[in-house]
Amino acid sequence: MAPKGGTFLFLLIVTCAALAPKPNKMLEENFDDMTKKLMRECQSKEYEEQAMSESSDMPSNGNPMIRPRFSLSSLSGINLDASTLSLLGGLSLDDTDDNDLMNPNNLAAIMGQMDDSTREELMTPSNLAAIMGQMDDSTKDELMTPSNIAAFMGQMEDPPKDELMNPTNHADMVEQVDDPLNTELFNPTNHADMLELVDEPPNNELNPTNHADMVEQVEDPPNNELNPTTLAEMIEQMKNFPKNESMDPTTLANIIQLMENYPEEADCYIKATVATQSWKILTENGENKIDLDNYDTLLRGARPVLLDMPPSRMNLPDNVKGEYMEKWMMMFRGLHGHNLKEKGIKVLKWAKEQFIQYKLNCTMKPKSDQKSKQLERCPATVQWLDFDALKALGPFISDLKTRDVDSSPKEELCKFFSSGELEASLEEVELKPSLAKKFLQKTQECFDNTMKFEEQMEKLGKLAYYYNPSQQLSPDLSKKLLSELEQCDNDGSRRKLKKRLMNTWLSNGDVTSFEGLDNSITLLPVDQLSRLPGAKIKKALKKIKLNAKWKDAQLKTIFKTIQGQRRCEEITSEELMDLGSVIEGLPRCVLKHLNPRGLLSNIEGLKTISKKMRKGQLKTMLWQLRNEDPIEVLKMLPERMLNRVSLGFLEKANISVEQMRNKEWNKAQASLLVEKLFRKKLIFRYRKLRSLLQGMTCKRIEDTTEKDLTDMVQDSADTTRWLPKRQIGCAARKLFSNLEKDQPDYFETITEEELENIPTVLLLRLEPKKVKKLPDTVCSVLLEKMENANLSSVPLHAPSRRAFTERALLCLTNGIDSSVLVIEDIEKLGPFLCELSPLQMRLMEPDVLTYSLEEMARMCKHIPWRHREDLVQLVIETYGGVSEWSQETMEELGPLVVLDNKVLSALPNKPWMKDTVYFLKPRLYCDSIVLGKKLFDLTVDSASIAERRKRTVENGSPTNARVPTAEIIEELKLNNVFWDTPQIDQISVPTFTETVETLGTVPNYSPDQVAILIKKAVEAFGPVSQMNEDVVTQLGCISQGFSNQDLQTLPFSLDTLEKIGPCGWSDSQMEVVWQAAAKYNNLTAEQLGAAEMVSLNRFICGLDSSEMKQINMEAFKEAVDSMNDLQCSFKSTQQLTRLAVSAFGPPRNWTKAVVSTLGNLVAGLDPIDLASLDPSVLSFFSSSSIQLIPPKNFAAFSVDQLLAFGPDNAAVVTSDQRAAIGVEKQSALKNAMEGARSWTKTTPSDSAPSLTVEGILSLMKPLLFLFMGFLLL
């Protein structure tokens, strides 16, 4: 029966819509754009460039074909012969920007190479004159050494008199001569040469003769040197080569070989062009047309493209075989540690297909793939993972599925394990538990019995983490397995196994022989550590990694062994550096005796130990350096110490722009230094500010020129990392305003080239209405920018996130809906995939939907709150109930389903679930309390299964086996807070003694819990009166359970107070503990120095008002940067804030540097002071300080101040604080949270939700069905 007219019309419309071509669906690789992109990266790395020709075919606002301008200071490893000198572009040395080429550093670089240079060509009179013309600016000790002067003398037959040997230069030379009678330097002949100087100076440029001499010297240079002719030919060929054609592979390979021995800064721009040409040849020509050696060279040349290419454009060749495939995989393995790791799944999928096609002559591609129709489809169980494939994949095996490992023939996988290749391949990768267990299972099957397998345990590598011996190992095998477990954390679920192995190994009686165990030494109990000789411990400390975790009792034992009775006596800086991982246990009193100069003599050692030091220790060391030259100190300090330098010390230093930009400053320091830059009108490049960008305000940004603004955001990675979100928004608005000044419809008519020139970090702040009007002609560039975008710079509530997502969908679907999307389209969305709504995703084809969900689980760091509930439901509908999932499915999709606390709490207690949740923990963005409780349940229940079964057998009925054992307590760590009080009461005294430090780290026990723990402490250590400093330190947060009367008698050292400060102390307790510590340490408030204040931690809140007034103001100013995270009661905070006012002046005059360094202490300001703050400093408040401001005080902020909060600060405002302000201020706060520029009064229409794509779809669905019904009548 023929369709009726209405039906036919409807079907025709649907068919045409489905078949309509989609713009930019199959984007052809634009190699010219990739070249320009790589060149911009060269520029962002501050490599200089110089135009080769005025006739460049690249646009004027792009990068023309360039040649490198060499920075000679970077050529210290290259012979400065004539051919190398010619690489300077035919310039003589004096025809160069003094500040670029002929600065003292570059001169020193030239001099350092003089003996290896061809002096006749290099030291011509004109070049010599150029060098001498710079002499007054040179660092004499580096440049004018006697040997360098001697090199000059040999070239001075006919130098220019007026330029070369003026009195000043002559004095400079003579002043540097150690022995004026040196026969080599100032012999009569040389001296005569100096006096017989020519009357007229030479031409400032290399004359034709000199240049000809240079060329003559390099007609036949070594293969690793570029002569002028070769360089000129190469650049000319690259410049004029047709865009749509590929260069000859042999010629291109030769060019790459010529360039490989030069530093990146010398030829970065040329490599950019070479890289894209290499990639084009490799992916289009096929290996049959390229010699194998040249093929290898082209792969090396293509590396920059591969690293920079987004996944959607990573079009690998369709058919690569044999040795050529081996070359590809060698390159991939070498790049795995770079950002290629994120493209690992795509590389693995491609490699798998190549292996299968080459060895099995079939394909895994779907029938719809035109290129695979000539091959038969492989069976689902094809065994493709042989030894060669495993070896070729290397670290990419971490992306395999368990079914892939099952497809590996037993003999091939056993060969891979026995060769040691498996261990090497897994060394630098993170392994999913399911895959690790599968590999372990398969390797165990390679051996007839367990004993033979255990003899090969040294080849397990990371698989050792999942191996649990079923029987007792010998001491030697225990040590072997322990060494394999070295890279595993001593905490966590494998601590029990490691302790058991350690005990077995120690059973041989030789406790001093622990070579090869390194971090496992931290498992030794105190009584055994105390028996180790001091020399043995010192030797072991040099091998232990810095991240090794010690208990306080172990640290005290080690220092007693090393120092004996010299607890606070001086140690040398060398001894300090050797302490390594135990440095955190060093008493602060030892640091007071350090030689300041000795501290700065070992920069690398100081950098290492500072990473493990407590704040009090760092401040003590800085206090020792307070009288040293500030410039010298700032130059030497490692980052962690530098960030603790006070504003006062920094203000004293007359630091240069170069020194400023080469350090990583904290926000307060950056603010101070930026203001110093502007105040002193120092010359600087915005692009080179790096961490100083933190100190830029919107006012400063608004005052910049368009050129400086572009320079500021040139390096997108630096911009995203350092420039605050609010300031990025200001920069974007500044740029957009400039672009629209003469063309109001700029974004409606924008071209691809214009869009490409807008930095992505700024483009993402475009207003939604303008995003919507972007023309379809720019879709290709827009999608590429979105795929490579870093959304961490965009406020979470910014409407531009949704706007760009919807604009991208319009580009990809040609205005239809998400049902037409394919996997390649999802790749192009990049991080904006995380912004898709579940309603849009439901329209996708099944394979596209599953790919999208798996990618979201892997990459999304934030899912909009409005999407979470529906997204979890979509996952469950697609994959089934979580209780039915396999471990592998949970690993892939777990980050999505645990967004729902109910689903997280209801996760089934399967044997593999605990390992899986621990594996997923770093990437889970869910409620920490719910997650902690789930981990507690999984840990306790899994540990109790065996015990429960045992008791059932003994008693005849099941019993509750949830008893806290030492192993469980050590594994739970902070999650010990979830024990019920009856369970805590079941902890035995030996177990409590063994685990007291772990239990003492929990800061948030309930009063009932801590009361029982105090009872256990008295049972273990005796009455309070008998507890010494060591016991108090071990008790940690448990101490908060003592009565105030008992607290007054406890021996609290300042080191102990620094450790227990974060515990949940009440105001009265902090007052009592301060009094006890003051008595024990013979301290008064007046005697508190900067280091003592920092070590007091929260207990400084315990000083009363009279004691606060006694605090030394200078010491307070030095200490406050390390006290800015204190959380005291509001009353105590007010007292500290009054100190800050005395130290830094009235709040209305506070700068952003002061506000930033005060941190939480600004929360103590009264309403009048809060209202007096300059709006520009509000975005420099710490997020934690915002929440500490009482709501009634918070209401004092004005609309302008709230607008200046910035997105991050606005997002943490509490509900009580919001309720305390009016509707208009709430609207301003909302605008700040979204990153908007200004506030507009809220009206009923303004608050109405916008109708988005999904909203329109929801509204139209019933109407469409109704319309279809009418058509079918």
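Residues numbered from 1 in each chain as written. Predicted model: local features only at pLDDT ≥ 70, side-chain atom pairs only at ≥ 80, totals over all residues. Heavy atoms only, no water.

**Student:** For this particular structure, what's the right way to read the overall build of the protein chain?
**Tutor:** Within the protein chain one finds 77 helices and 4 strands. A burial count over the protein chain gives 52% of its 1273 residues as buried. Of the roughly 57500 Å² of accessible surface on the protein chain, 50% is carried by carbon and sulfur atoms. (Helix = DSSP H or I, 4+ residues; strand = E, 2+ residues; numbered from the N terminus. Buried < 20%, exposed > 50% of the residue type's maximum accessible area, 1.4 Å probe, protein only. Areas by Shrake-Rupley, 256 points an atom, 1.4 Å probe, with all protein chains shown as cover.)

**Student:** Even after reading the chapter, I still don't get the side chain of Lys 619, so can you show me in this structure?
**Tutor:** Here Lys 619 shows up in helix α34 (residues 615–624). For Lys 619, a relative accessible area of 3% gives the class buried. Polar contacts involving the side chain of Lys 619 include one to the side chain of Asp 1121, which spans 3.0 Å. (Polar contact = N/O pair within 3.5 Å; in protein donor to acceptor, adjacent residues only side chain to side chain.)

**Student:** What is the right way to read the nonpolar core from this model?
**Tutor:** One broad rule of soluble globular proteins: the nonpolar side chains tend to lie buried together. Among the nonpolar cores identified, the biggest contains 221 residues, and Trp 328, Phe 332, Leu 393, Trp 550 and Leu 576 are the most heavily contacted of them. The element best represented in this core is helix α17 (residues 322–335), accounting for 7 residues. The contact partners of Trp 328, leaving out residues within four places of it in the chain, are Trp 279, Leu 282, Tyr 295, Leu 299, Leu 316, Pro 317, Val 320 and Trp 350. Core analysis: the second largest hydrophobic core is formed by 97 residues, Tyr 1005, Ile 1038, Val 1162 and Ile 1186 among them. (Core = buried A, V, L, I, M, F, W, Y, C linked by side-chain atoms within 4.5 Å. Contact = heavy atoms within 4.5 Å.)

**Student:** Can you help me understand the state of the cysteines in this one?
**Tutor:** Each disulfide is one covalent bond, formed between the sulfur atoms of two cysteines. Within this structure, the stated rule accounts for 7 disulfides. Here Cys 698 connects covalently by a disulfide to Cys 730, the sulfurs 1.8 Å from one another. As the torsion about the S-S bond is roughly 80 degrees, the Cys 698-Cys 730 disulfide counts as right-handed. You can see Cys 698 sitting in helix α40 (residues 698–702) and its partner Cys 730 sitting in helix α43 (residues 725–740), a full 32 residues away along the chain. (Disulfide = S-S within 2.5 Å.)

**Student:** How do you make sense of the environment of Ala 548 when you look at a structure like this?
**Tutor:** Checked against the element boundaries, Ala 548 lands in the loop between α28 (534–541) and α29 (552–563). For Ala 548, a relative accessible area of 3% puts it in the buried group. Aside from chain neighbours lying at most four places away, what touches Ala 548 is Asn 519, Thr 522, Ser 581 and Lys 612.

**Student:** Sorry, what's going on with the pattern of salt bridges here?
**Tutor:** Opposite charge on two side chains makes pairing possible when the charged atoms of those side chains draw close. Taken as a whole and judged by the stated rule, the model has 48 salt bridges. For the salt bridge of Arg 842 with Glu 877, the shortest nitrogen-to-oxygen distance reads 2.7 Å. Of the two residues, Arg 842 is situated in the loop between α50 (838–841) and α51 (846–859) and Glu 877 in helix α52 (residues 865–879); the sequence distance between them amounts to 35 residues. Linked through salt bridges whose partners overlap, the residues forming this network are Arg 588, Lys 592, Arg 614, Asp 1055, Glu 1058 and Glu 1092. (Salt bridge = Lys/Arg side-chain N within 4 Å of Asp/Glu carboxyl O.)

**Student:** Hey, could you run me through the packing of aromatic side chains in this one?
**Tutor:** Given two aromatic rings, one states the distance between the centres and the angle between the planes to describe the pair. What the rule picks out here adds up to 25 aromatic pairs. Among the aromatic residues, those joined into a ring-pair cluster are Trp 279, Trp 328, Phe 332, Trp 350 and Phe 396. The lysine or arginine in question, Lys 667, covers the ring of Phe 1180, its NZ or CZ lying 5.0 Å from the ring centre. (Phe/Tyr/Trp six-rings, centres within 6.5 Å; stacked < 30°, edge-to-face > 60°. Lys NZ or Arg CZ within 6 Å of the ring centre and 35° of its normal.)

**Student:** Explain the environment of Met 636 to me, please; I cannot follow it from the model alone.
**Tutor:** Looking at the secondary structure, you find Met 636 in helix α35 (residues 630–636). Linking Met 636 and Asn 602, residues 34 residues apart in sequence, is a C-alpha distance of 8.9 Å.

**Student:** Would you mind going over unusual backbone geometry with me for this structure?
**Tutor:** If a residue is not glycine, its phi is most likely negative; likewise, a peptide bond is most likely trans. The phi torsion at Asn 361 lies on the positive side, around 55 degrees, for a residue other than glycine. Tracing the backbone shows Asn 361 in the loop between α18 (344–360) and β3 (362–363). Using a relative accessible area of 54% as the deciding quantity, one classes Asn 361 as exposed. A positive phi is found at Asn 814, a non-glycine position, where the angle reads about 60 degrees. Mapped onto the secondary structure, Asn 814 falls in the loop between α48 (799–813) and α49 (823–829). The class of Asn 814 is partly exposed, set by a relative accessible area of 35%.

**Student:** Looking at this structure, how should I read the side chain of Ser 646?
**Tutor:** Mapped onto the secondary structure, Ser 646 falls in the loop between α36 (639–642) and α37 (647–652). From its side chain, Ser 646 meets the backbone nitrogen of Phe 649 in a polar contact 3.3 Å long. A distance of 2.7 Å separates the side chain of Ser 646 from the side chain of Glu 1118, its partner in a polar contact. With sequence-adjacent residues up to four places away left out, Ser 646 is seen in contact with Lys 1117, Glu 1118 and Asp 1121.

**Student:** How should the packing of helix α53 (residues 887–897) against helix α55 (residues 913–920) be read in this particular structure?
**Tutor:** Interaxial distance between α53 and α55 falls to 10 Å at its minimum, and their mutual angle equals 30 degrees. The angle between α53 and α55 places the two elements in the roughly parallel class. Classified by chirality, the crossing of α55 by α53 is right-handed. For the pair formed by α53 and α55, the contact residues are Gln 887, Met 890, Glu 891, Gly 894 and Pro 895 on the first element and Met 913, Thr 916, Phe 919 and Leu 920 on the second. For the contact of α53 with α55, the per-class residue count stands at 5 nonpolar, 3 polar and 1 charged. (Axes fitted to C-alpha atoms, helices over the stretch in contact; angles between N-to-C directions. Parallel < 35°, antiparallel > 145°, perpendicular 65-115°, else oblique. Left-handed = near helix turned anticlockwise from the far one by under 90°. Nonpolar A, V, L, I, M, F, W, Y, C, P; charged D, E, K, R; others polar.)

**Student:** For this particular structure, what's the right way to read α34?
**Tutor:** Because each turn of an α-helix spans 3.6 residues, side chains separated by three or four positions end up pointing in the same direction. Most of α34 sits inside the fold, with 9 of its 10 residues counted as buried. Of all the positions in α34, only Lys 615, Gly 616, Gln 617, Leu 618, Lys 619, Thr 620, Met 621, Leu 622 and Gln 624 are classed as buried.

**Student:** It is not clear to me how the packing of helix α23 (residues 433–444) against α53 should be interpreted in this structure. Could you clarify?
**Tutor:** Two numbers describe a pair of packed helices, the interaxial angle and the distance between the axes. With their axes 8 Å apart at the nearest point, α23 and α53 run at an angle of 150 degrees to one another. One way to sum up the angle between α23 and α53 is to call them roughly antiparallel. Here Pro 433, Ser 434 and Lys 437 of α23 come into contact with α53, specifically with Gln 887, Glu 888 and Glu 891. By residue class, the composition of the contact of α23 with α53 is 1 nonpolar, 2 polar and 3 charged.

**Student:** What exactly am I supposed to notice about the confidence of the model for the protein chain here?
**Tutor:** Do not read the predicted coordinates in detail wherever pLDDT is low. Here the protein chain averages 79 in pLDDT, while 73% of its residues score no lower than 70. Residue range residues 1–29 is modelled with pLDDT below 50. Its contacts to residues more than four positions away, or to other chains, number 32 contacts. Predicted confidence is poor over residues 135–142, with pLDDT under 50, and the contacts of this stretch with residues over four places away or in other chains come to 21 contacts. (pLDDT = per-residue confidence, 0-100.)

**Student:** When you look at helix α26 (residues 495–506) in this model, what are you seeing that I'm missing?
**Tutor:** If you check α26, its first and last C-alpha atoms are 16 Å apart, about what 12 residues at 1.5 Å a residue would give, namely 16 Å. Among all positions in α26, only Arg 495, Leu 497, Lys 498, Leu 501, Met 502, Thr 504, Trp 505 and Leu 506 are buried. On its buried face, α26 sits against α25 (475–484), α27 (526–529) and α57 (966–972). (Expected span 1.5 Å × (residues − 1).)

**Student:** What should I look at first to understand the environment of Thr 878 in this one?
**Tutor:** Relative to the assigned elements, Thr 878 resides in helix α52. Counting along the chain gives 29 residues from Thr 878 to Leu 849, while the straight-line C-alpha distance between them is 8.6 Å. In this view, Thr 878 contacts Leu 849, Thr 850 and Leu 853; residues no more than four positions away in its chain are not counted. A distance of 2.7 Å separates a polar side-chain atom of Thr 878 from the backbone oxygen of Leu 874.

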